[in-house]
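Summary of the model geometry
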Amino acid sequence: MSEFLVTLLRISYLALLWVFILLITNVIRTDIYGHRVPRNGGAVESGRRDRGRKARRREPAPLPTGVQVISGSRAGTYIPLANTVTVGRGNDCTLPIDDDYASTHHAEFSPGIDGAWFVEDLASTNGTHVNGERIEHPTRLSVGDEVRIGRTIMTVTGGR
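Residues numbered from 1 in each chain as written. Predicted model: local features only at pLDDT ≥ 70, side-chain atom pairs only at ≥ 80, totals over all residues. Heavy atoms only, no water.

Within an unreviewed UniProt entry, the label attached to the protein reads FHA domain-containing protein, and the organism entered is Cutibacterium porci.

1. Side note on the side chain of T155
By secondary structure assignment, the location of T155 is in strand β11 (residues 152–159). A polar contact of 3.5 Å, which involves the side chain of T155, links it to the backbone oxygen of D145. In this structure T155 touches G66, V67, Q68, I70, G144 and D145, once residues within four positions along its chain are discounted. (Helix = DSSP H or I, 4+ residues; strand = E, 2+ residues; numbered from the N terminus. Polar contact = N/O pair within 3.5 Å; in protein donor to acceptor, adjacent residues only side chain to side chain. Contact = heavy atoms within 4.5 Å.)

2. Regarding the sheet that holds strand β6 (residues 117–121)
Backbone hydrogen bonds hold the strands of a sheet together, and the pairing may be parallel or antiparallel. The five strands lie next to each other as β4-β3-β5-β6-β9, forming an open sheet whose pairing is mixed. Two strands in the sheet have a free side with no partner beyond their single neighbour: β4 (95–96) and β9 (139–141). Here β6 pairs with β9 via three bridges, running antiparallel. Paired with F118 across the bridge in β9 is R140. (Pairing = 2+ DSSP bridges.)

3. Comments concerning helix α1 (residues 3–33)
Its 31 residues place the ends of α1 45 Å apart at the C-alpha level, agreeing with the 45 Å of an ideal helix rising 1.5 Å per residue. One or two residues past the end of α1 sits G34, with phi positive at roughly 80°. (Expected span 1.5 Å × (residues − 1).)

4. Considering the pairing of strand β1 (residues 63–71)
The side chains of a regular strand alternate between the sheet's two faces. Of the strand pairs in this sheet, β1 and strand β2 (residues 78–80) are connected by three bridges, and their pairing is antiparallel. Residue pairing in the sheet places V67 in a bridge with I79 of β2. Adjacent in sequence and paired antiparallel, β1 and β2 are bridged by six residues, among which G72 carries a positive phi angle near 120°.

5. Overview of the side chain of S124
With respect to the secondary-structure elements, S124 resides in the loop between β6 and β7 (128–130). A distance of 3.0 Å separates the side chain of S124 from the backbone nitrogen of G127, its partner in a polar contact. Non-local contacts of S124, meaning those with residues more than four positions away in its chain, are made with S103, H106 and R134.

What follows is the structure in structure tokens.
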């Protein structure tokens with residue numbers, strides 16, 4: 001083989017190796033940080049569609065007023081949402097639950113603005129789930145949402 005062909009093969013091999021390394025780096029970055037999701041979620045398209053129509057008045061959604069435990073050791077317990085509510089195995093929690101899969105201070109229900117309520121996982125081992133999805137950040141609650149902490153399941157109740 002000629003010297004030129006050997007040099008060309010070496011350069012091609014190095015280029016292929018770098019492409020492979022960049023692909024692996026991209027996969028690792030995606031696993032760590034996740035995919036970017038657009039914020040508007042198609043709101044621009046729906047706005048164009050409804051441009052000629054009159055705006056319909058929506059009835060305001062009912063505000064959360066309490067949490068009802070529907071399964072677990074405290075089934076049937078109702079906690080009104082008036083102040084911050086902590087849930088966990090600790091005796092100092094607003095809603096102490098006897099659940100081996102719950103942390104001492106597992107989650108916190110806290111008020112937001114305009115009567116909104118949020119649930120936040122307090123760095124628990126097994127996580128807090130809202131409607132079957134594990135939450136990482138404070139999550140806004142709506143009436144009827146299901147919150148699972150360990151084996152304890154609660155539903156958000158409300159009214160006007």
